[in-house]
Amino acid sequence: MSTQNLLHTDAIKKLKELSEKARFCMFATDLEKLPINARPMTLQECDEEGNLWFISSRESNKNFDIADDNRVQLFFMNSSHQEYLSVFGNAFIYNDKATIEDQWSPMASAWFEDGKDDENVTIIRVQPTETYYWDTKAGRLVSLISYAAAAISGGRTDNSDGVEGQLTI
């Protein structure tokens, strides 16, 4: 596996690509306490500045945790393409109508009785501070064939089809 650290525009492009392809993440809060408190969340978007946006309830434990300590850790996995992303950052909660309107998804209506007008709708923006990714250049099938060939032949795979690195936004 080779290392390719990316900066600014290239880092945001990779962050957007990997997070939006995975779409779901484990969203961890209250990072000082073990075991960490994580729950699945659906990403709304990764914007052009590298911010990650989510819809949440004002009454959720994650919102309470963020109010106490806004440091969060997100873990994205797209196993069908062997793409992985770890994002550490700061979360900010919004409840203004303009932000809700901008980030709203009709799918979120399943969680909110009055849709985007529900008083409990909030939007969470995560601003990444440390981000790391793992990606395969050739995709899952080629990687699996490489591993299988190495296992059958008794040899070793060189993992040369993979790339990992820091994303500095």
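Look up: the structure comes first, before these words.
Residues numbered from 1 in each chain as written. Predicted model: local features only at pLDDT ≥ 70, side-chain atom pairs only at ≥ 80, totals over all residues. Heavy atoms only, no water.

A. Up close: the pattern of salt bridges. In the structure shown here, the tally under the stated rule is eight salt bridges. E17 is the salt-bridge partner of K14, the closest N and O atoms lying 3.8 Å from each other. Here K14 pairs with E17, and both are found in helix α1 (residues 8–22), just three residues apart, close to one helical turn. Classification of K14 as buried rests on a relative accessible area of 13%. For E17, a relative accessible area of 32% translates into the label partly exposed. We note a salt bridge from E20 to K16, for which the minimum N-O separation is 3.0 Å. Of this pair, E20 and K16 both sit in helix α1, four residues apart, roughly one helical turn. Within the structure, one salt-bridge network assembled from shared partners comprises K14, E17 and D135. (Salt bridge = Lys/Arg side-chain N within 4 Å of Asp/Glu carboxyl O. Helix = DSSP H or I, 4+ residues; strand = E, 2+ residues; numbered from the N terminus. Buried < 20%, exposed > 50% of the residue type's maximum accessible area, 1.4 Å probe, protein only.)

B. Up close: the packing of aromatic side chains. The final tally for this structure, using the stated rule, is four aromatic pairs. Aromatic pair W53 and Y94: ring centres 5.7 Å apart, planes at 40°, arrangement tilted. Taken together, the residues W53 in strand β6 (residues 52–57) and Y94 in strand β8 (residues 83–94) connect sequence positions 41 residues apart. Residue W53 is classed as buried on the basis of its relative accessible area of 11%. For Y94, a relative accessible area of 23% corresponds to the partly exposed category. (Phe/Tyr/Trp six-rings, centres within 6.5 Å; stacked < 30°, edge-to-face > 60°.)

Interpretation in functional terms is not warranted from these geometric data alone.
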